[in-house]
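Residue strings, one per chain:
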Amino acid sequence: MLRIGLVALSLLAFVLSGCGGGGGKQETLQVPTGSVQGRLVFSGTRQAQGLFVAKVHGATNLVAQIRQDGFFRIDNVPAGEQTITLEDRQRMIGAVVVAFVRPRKVTDVGEIETKPLGKISGIVSEIDENMHRVKPIANARIIAHPIENEQETLQELPSRPFFVAFSDFNGSYELLLPAGSYLVEASHPDYEPSAQIATVQALQTTALDFGLIPRQNKGVVYGTVTAVINGQTVPVAGALVTLVPKFPIPLVDEASPPDMTVGQIVSALRRGKGKNLRSVSRLYKGDNSEQNDGSDNNTDQNQNVGSDDDQNAEITATPNAIWWRPLFTFTNADGSYELTGVPAGEYTAIAFKHGLGEQTKDVSVPENGRVRIDFVLQARFGIVQGQVTDAENGQPIEGALVFAVRKGDPWFGWDDWWCLEPAPEKPADRPIYVRPMKPKGKGCRPMPIPSPLPIIEPPVRTGTITDANGNYQLLLPAGEYFISVFKEGYEWQGTEVTIVEGQTVNVDFALNKFTDKRFPVSISLEVAPQQAKLGEPITMTLKVRNEGEESVTLEIGMPHADFAVMNENREEVWRWSHGKVFPQVIVSVTLQPGEERVYRERWDQKDNEGNQVPAGNYFVQGIFNTIPKMETEIRELQILPTRP
């Protein structure tokens, strides 16, 4: 029986501070969480390869190793929109998704294809008044926001994916990113922030060092940003939080956040050289003391941004002019934020994110004070819901995976789909697409591949499993999506849908059982013995046979056959190919009518780490690496304890 690899088998909180700093004393936040799962695949093969990890940006310890079959799952992910990357740092390949995580639910984001990525890496150092490096800075936060150009304003950034890394004890950091331009910020609660613009190219490393100066003022504004979305309260990750002084600001010739452009932000954060900051400090403190605040060391190759022509210019300011840099930050994965180094004064605090609106509050910050300001945004998402049934008998299908991706998602396999011509007696109100086999009949054609989303557009995904009645429901921001359905034993089916804020769209699916007489290949597995003594070798035999009357040509990857052993929780403990290196090639193999091929391997009862597995019940599966992949029925195996 042909079995397509299941897309999903059941499918960091260090404070982000943006240009306002980060870290410091934090309060434990209780936020609703869920789980995210999916499967990493490669275009054409639908099989995962390489050593990948999945991680949630803007959170601590939310990292999961991706299994060799491509499956991953991350638990305790804060609800709401979260940027998740799948990365193989050694080969500089990976993928990016923005998952809409449902509280207390498992959100399945489906299949994810990888592409070449680029890298930003460098060192974050403390610098002195002469711009000389003093020492490396550990635990500095580096956050990268994709941009179109330097004229974009700060308020454009919260609508996009964001990528976070932290420097190690040597001050080193690296970020794996899709190709494009980025505003990159470096910050630490004990230092003034710095920002630069970097260009990332696929499979290349861009050097980007930062020099930070010690922070003098200790005022702190912190809190959370949450949103009520269709009655559910979730944390808001990546929201912009900014402070705007309530008095005129003659010091800075640019607009104030969130209307400052990217170029102005970089220029303002680099304006700490020469007389500017010392003059501002005197005006604020009301004395003639001089303090050096410095700026970054500008040693990198990405510095043609903003203008520093005014860094030695004289400053005309009122005695109340205290704001010499923009005060802003972006929230963590759990919706928390912290702005450090805030001068005492009266401010308007603003929290903002596209699609969720904004909220403003007044805040008074005392000298060296710590003030909490929480924000609650409001939004209405759209809903897509429906039922998945068997096309032959009309019965509901329980356990089908239904997931939505934004149209043009660059990490989704668009080229595998075919447009299905509807039957005249059953006209469809929208195009229906199927995968993986080319449908029969005139008029069937490949699915039009949508233009890929640019890096500034979030590739939002979410997914769920149908209930006992075959019903599903997905909550999504407004936009155009492709919704696909998968259930083992059935053909994939998908369609396009437009989500409108506050509206519900009903989309039903009737799945056809997976049958293709042009592909009459059977696959079976034998396990001997089925009851084994502890430490006794187990023999696994995979048989592939052409049951048809004509020859069949198969496309097969390496290795041709594989075997996996799982424990009682269906967690993989051993795989024959684990740790082995195979050429990444696809070969054609032809089976004549009635021809059978046999693949046999032995298992010594050691797990993937070389340790003896304990006695107990296990499950064994054989895999034939065709395109699409074929998997055998799961066989039971019992390992008996050694008796004295």
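You'll find the structure just up there.
These figures come from a predicted structure and were not determined experimentally. (Residues numbered from 1 in each chain as written. Predicted model: local features only at pLDDT ≥ 70, side-chain atom pairs only at ≥ 80, totals over all residues. Heavy atoms only, no water.)

## Thoughts on the overall build of the protein
Of regular secondary structure, the protein possesses 2 helices and 47 strands. Counting only residues that meet the buried cut, the protein has 57% of its 644 residues in that class. Surface summary for the protein: the accessible area is close to 26800 Å², and the carbon and sulfur share equals 47%. (Helix = DSSP H or I, 4+ residues; strand = E, 2+ residues; numbered from the N terminus. Buried < 20%, exposed > 50% of the residue type's maximum accessible area, 1.4 Å probe, protein only. Areas by Shrake-Rupley, 256 points an atom, 1.4 Å probe, with all protein chains shown as cover.)

## Examining the nonpolar core
Phe 72, Ile 74, Ile 112 and Val 184 are the most contacted members of the largest nonpolar core, which totals 48 residues. Take this core: its biggest share by element is 6 residues, from strand E6 (residues 93-101). Among all residues touching Phe 72, those that are not within four sequence positions of it are Val 36, Gln 37, Gly 38, Arg 39, Ala 54, Ile 66, Leu 86, Val 109 and Ile 112. (Core = buried A, V, L, I, M, F, W, Y, C linked by side-chain atoms within 4.5 Å. Contact = heavy atoms within 4.5 Å.)

## Thoughts on the sheet that holds strand E11 (residues 141-147)
One open sheet holds the 4 strands; their spatial order is E12-E11-E14-E15, and the pairing between them is antiparallel. Both outer strands of the open sheet, strand E12 (163-166) and strand E15 (191-200), are each paired with one neighbouring strand and no more. When the angles between neighbouring strand axes are averaged without regard to direction, this sheet yields 20°. By the bridge criterion, 4 bridges tie E11 to E12 in an arrangement that is antiparallel. (Pairing = 2+ DSSP bridges. Axes fitted to C-alpha atoms, helices over the stretch in contact; angles between N-to-C directions.)

## Concerning the pairing of strand E41 (residues 552-566)
When you tally the buried positions in E41, you get 11 out of 15 residues, the bulk of the element. When E41 meets strand E43 (residues 587-591), the two strands line up antiparallel, connected through 5 bridges. Of the residues in E43, the one forming a bridge with Thr 553 is Thr 590. Pairing of E41 with strand E45 (residues 616-626), which is carried by 7 bridges, proceeds in the antiparallel orientation. The residue of E45 that forms the bridge with Met 566 is Phe 619. Hairpin connection of E41 to strand E42 (residues 572-575): 5 residues between the antiparallel strands, including Arg 570 at a positive phi of 60°.

## Examining the pattern of salt bridges
Tallied over the full model, the rule gives 23 salt bridges. Arg 91 is paired through a salt bridge with Asp 88; the nearest N and O atoms lie 2.9 Å apart. The salt bridge involving Lys 135 is made with Glu 126; its shortest N-O contact spans 3.8 Å. On the basis of relative accessible area, Glu 126 is assigned to the buried category, the value being 12%. Three or more residues joined by partner-sharing salt bridges are found here, namely Lys 55, Glu 87, Arg 89, Lys 119 and Glu 174. (Salt bridge = Lys/Arg side-chain N within 4 Å of Asp/Glu carboxyl O.)

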